Amino acid sequence: MNKQVNHIAKFIHLPKIEDERGNLTYIEEENQIPFRIQRVYWIYDVPGGESRGSHAFRATEELIIPLSGSFDVILHDGEKSQKYQLNRSYIGLYIPKMIYWSLDNFSTNSLALILASTNYSVNDYIRDFNVFLKLCEKS
Ligand code: TYD
């Protein structure tokens, strides 16, 4: 029997213009991104063995794109955990709000570009995993 996998996050394939001179990928908010981009940040110079994230957002949606190198994204939706490897600069991972996530296993010189639907707000963060689980139970 085929077991349907219920994915927490969704891959978004961005346009890729292949060229002998080098490939090109672009983003148009209205055409590829399921939210209004309010903020862009990037994570780089990650020392070997380090991880980033370990939080959920109450309201923020994000798209994570591995512009260079590779890393893993570990997600939890309050019930189950899933791990995705990102290693193509034209494939991003869309993470809805209220998903606990962390990034690890960064390759040398990796660069994670993150598009976010909100401005930075410390109040949007849920860092305590047990608090996150409790909030998931209530909703
Ligand atoms: P944070 O999101 O906590 O990174 P991580 O969860 O990977 O450790 O951000 C680290 C610091 O950067 C924190 O002090 C807040 C600051 N920050 C901003 O000022 N603006 C931003 O858009 C982001 C993402 C972080």
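Every value quoted in this text rests on a predicted model; they were computed, and no experiment measured them.

Hydrogen bonds between backbone atoms are what pair the strands of a sheet, whose relative direction is either parallel or antiparallel. Read from one edge to the other, the open sheet built from five strands follows the order 1-9-6-11-4, with strand pairing classed as antiparallel. Edge positions in the sheet fall to strand 1 (10-13) and strand 4 (39-43), since each of these pairs with one other strand and no more. Sheet twist, expressed as the mean angle between neighbouring strand axes with direction ignored, is 25°.

Once that is clear, we can look at empty space enclosed by the protein. Inspection of every chain in the model, using the stated rule, returns one cavity of 30 Å³ or more. There is about 30 Å³ of room inside the largest cavity. Lining the largest cavity, in full, are Phe57, Thr60, Glu62, Ile95, Pro96, Lys97, Met98, Ile99 and Trp101. Broken down by class, the residue content of the lining of the largest cavity amounts to six nonpolar, one polar and two charged.

Moving on to a nonpolar patch on the surface. A cluster of nonpolar side chains, Ile17, Leu24 and Tyr26, forms an exposed patch at the surface whose accessible area comes to about 270 Å². Tracing the sequence through the fold places isoleucine 17 in strand 2 (residues 16-17). Isoleucine 17 sits in the partly exposed class, given a relative accessible area of 42%.

Moving on, we come to the site of the ligand. Close contacts around the ligand come from Arg39, Tyr41, Arg52, Gly53, His55, Tyr120, Tyr125 and Arg127, and that covers them all. Within the backbone of glycine 53, one N or O atom sits 2.8 Å away from an oxygen atom of the ligand. Here an oxygen atom of the ligand and a side-chain polar atom of tyrosine 125 are 2.5 Å apart. Those elements giving two or more residues to the shell around the ligand turn out to be strand 4 and strand 5 (52-57). When its residues are assigned to classes, the shell around the ligand shows three nonpolar, two polar and three charged.

The next subject is the packing of aromatic side chains. For the structure shown, the criterion picks out nine aromatic pairs. On the basis of an interplanar angle of 75° and a centroid distance of 4.9 Å, the ring pair of tyrosine 100 and phenylalanine 129 is categorised as edge-to-face. Taken together, the positions of tyrosine 100 in strand 10 (residues 100-104) and phenylalanine 129 in helix 2 (residues 129-138) put the pair 29 residues apart, joining distant regions of the chain. Assessed through its relative accessible area of 31%, phenylalanine 129 is described here as partly exposed. Through a chain of ring-to-ring contacts, the aromatic side chains of Phe57, Trp101, Tyr120 and Tyr125 assemble into a single cluster.

Scoring rules and cut-offs
- Positions within a chain are numbered from 1, following the residues in the order the chain's sequence is written.
- Reporting in this predicted model follows two pLDDT cut-offs: at least 70 for local features of residues, and 80 or more for side-chain atom pairs to be given and counted; totals over whole chains, interfaces and linings ignore these cut-offs and use all residues.
- Excluding hydrogens and water, the side-chain values take into account all heavy atoms of the structure.
- A pair of strands is considered paired only if DSSP assigns at least 2 bridges between the two.
- Under the scheme used here, helices are H or I runs from DSSP no shorter than 4 residues and strands are E runs no shorter than 2 residues, and both carry numbers assigned from the N terminus.
- Note on geometry: axes are lines fitted to C-alpha atoms, helical ones only across the stretch in contact, with angles between N-to-C directions running from 0 to 180 degrees.
- A 1.4 Å probe that fits but cannot get out identifies a cavity on a 1 Å grid over protein atoms alone, an open set with protein on both sides within 12 Å along at least five of seven lines counts as a pocket, and a residue lines either if it has an atom within 4 Å of a point.
- Grid points are joined across faces, edges and corners, and a volume is the space filled by probe spheres set on the points.
- All residues other than Ala, Val, Leu, Ile, Met, Phe, Trp, Tyr, Cys, Pro, Asp, Glu, Lys and Arg, Gly among them, are scored as polar; the first ten of these are nonpolar and the last four charged.
- Patch membership needs two things, relative accessible area over 30% and no salt bridge, and members are linked within 9 Å if like-charged or within 5 Å if nonpolar (Val, Leu, Ile, Met, Phe, Trp, Tyr).
- Areas reported here follow the Shrake-Rupley algorithm with a probe of radius 1.4 Å; residue values treat only the protein chains shown as occluding.
- Only one rule defines a salt bridge in this text: a Lys or Arg side-chain nitrogen within 4 Å of an Asp or Glu carboxyl oxygen.
- Only protein chains enter the accessibility calculation, which uses a 1.4 Å probe; a residue whose area is less than 20% of its type maximum is buried, one above 50% is exposed, and one in between is partly exposed.
- For this purpose, a residue is taken to be near a molecule or strand whenever a single non-hydrogen atom of the residue falls within 4 Å of it.
- Definition of a polar contact: a pair of N or O atoms within 3.5 Å, with one able to donate and the other able to accept a hydrogen when the atoms are protein atoms, and with sequence-neighbouring residues admitted only if both atoms are side-chain atoms.
- Two aromatic rings from Phe, Tyr or Trp, using only the six-membered ring of Trp, form a pair when their centres are within 6.5 Å; if the ring planes differ by under 30 degrees the pair is stacked, by over 60 it is edge-to-face, and anything between is tilted.

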